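Each chain, written out:
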Amino acid sequence: MHEEVDEARTMLLLDSEDTIELVSGMYDPNQDDVAQVRVVLVDDSLRGFFDSILGEPYRVK
């Protein structure tokens, strides 16, 4: 896994995309009340795990 960070966003990318393609998050304490987290799953069986941590998803493609 490697991490890409800039001032507005942090992205975690796995070396192998068999189960999770991407996890990214954005939060600016000066402008935002909540953080925005995006998880792109390849293995749909992980959805329940992420829902239990992050809550029900706002949008599912």
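Residues numbered from 1 in each chain as written. Predicted model: local features only at pLDDT ≥ 70, side-chain atom pairs only at ≥ 80, totals over all residues. Heavy atoms only, no water.

**Student:** Account for the overall build of the protein, with residues named and values stated.
**Tutor:** Secondary structure assignment for the protein yields one helix and four strands. Taking all 61 residues of the protein together, 13% fall into the buried category. Residue pairs at least 24 apart in sequence account for 10% of intrachain contacts in the protein once pairs closer than 6 positions are excluded. About 5200 Å² of surface is accessible on the protein, with carbon and sulfur atoms providing 49% of the total. (Helix = DSSP H or I, 4+ residues; strand = E, 2+ residues; numbered from the N terminus. Buried < 20%, exposed > 50% of the residue type's maximum accessible area, 1.4 Å probe, protein only. Contact = heavy atoms within 4.5 Å. Areas by Shrake-Rupley, 256 points an atom, 1.4 Å probe, with all protein chains shown as cover.)

**Student:** Break down a positive patch on the surface for me, citing the residues and quoting the values.
**Tutor:** Among the surface-exposed residues, Arg9, Arg38, Arg59 and Lys61 lie close enough to one another that they form a single positively charged patch. Looking at the element boundaries, Arg59 is found in the segment after helix 1 (47-54). For Arg59, a relative accessible area of 65% translates into the label exposed. (Patch = residues over 30% accessible without salt bridge, like charges linked within 9 Å, V, L, I, M, F, W, Y side chains within 5 Å. Salt bridge = Lys/Arg side-chain N within 4 Å of Asp/Glu carboxyl O. Lys, Arg positive; Asp, Glu negative; His and termini not counted. Charge placed at Lys NZ, Arg CZ, Asp CG, Glu CD.)

**Student:** Kindly report on the pattern of salt bridges, identifying the contributing residues and their values.
**Tutor:** Oppositely charged side chains can pair when the atoms bearing their charge come close. Per the counting criterion, the structure on display carries one salt bridge. Between Asp51 and Arg47 there is a salt bridge; the shortest N-O distance is 3.7 Å. Within this pair, Asp51 and its partner Arg47 are both found in helix 1, separated by four residues, close to a single helical turn.

**Student:** So, the pairing of strand 3 (residues 20-26): which residues are in play, and what are the values?
**Tutor:** The side chains of a regular strand alternate between both faces of the sheet. Alignment of strand 2 (residues 9-13) against strand 3, held across four bridges, turns out to be antiparallel. What sits directly across from Met11, in strand 3, is Ser24. Two successive antiparallel strands, strand 2 and strand 3, enclose a turn made up of six residues. Summarising the sheet, strand 3 and strand 4 (residues 36-41) pair through six bridges and their orientation is antiparallel. Residue pairing in the sheet places Ile20 in a bridge with Leu41 of strand 4. (Pairing = 2+ DSSP bridges.)

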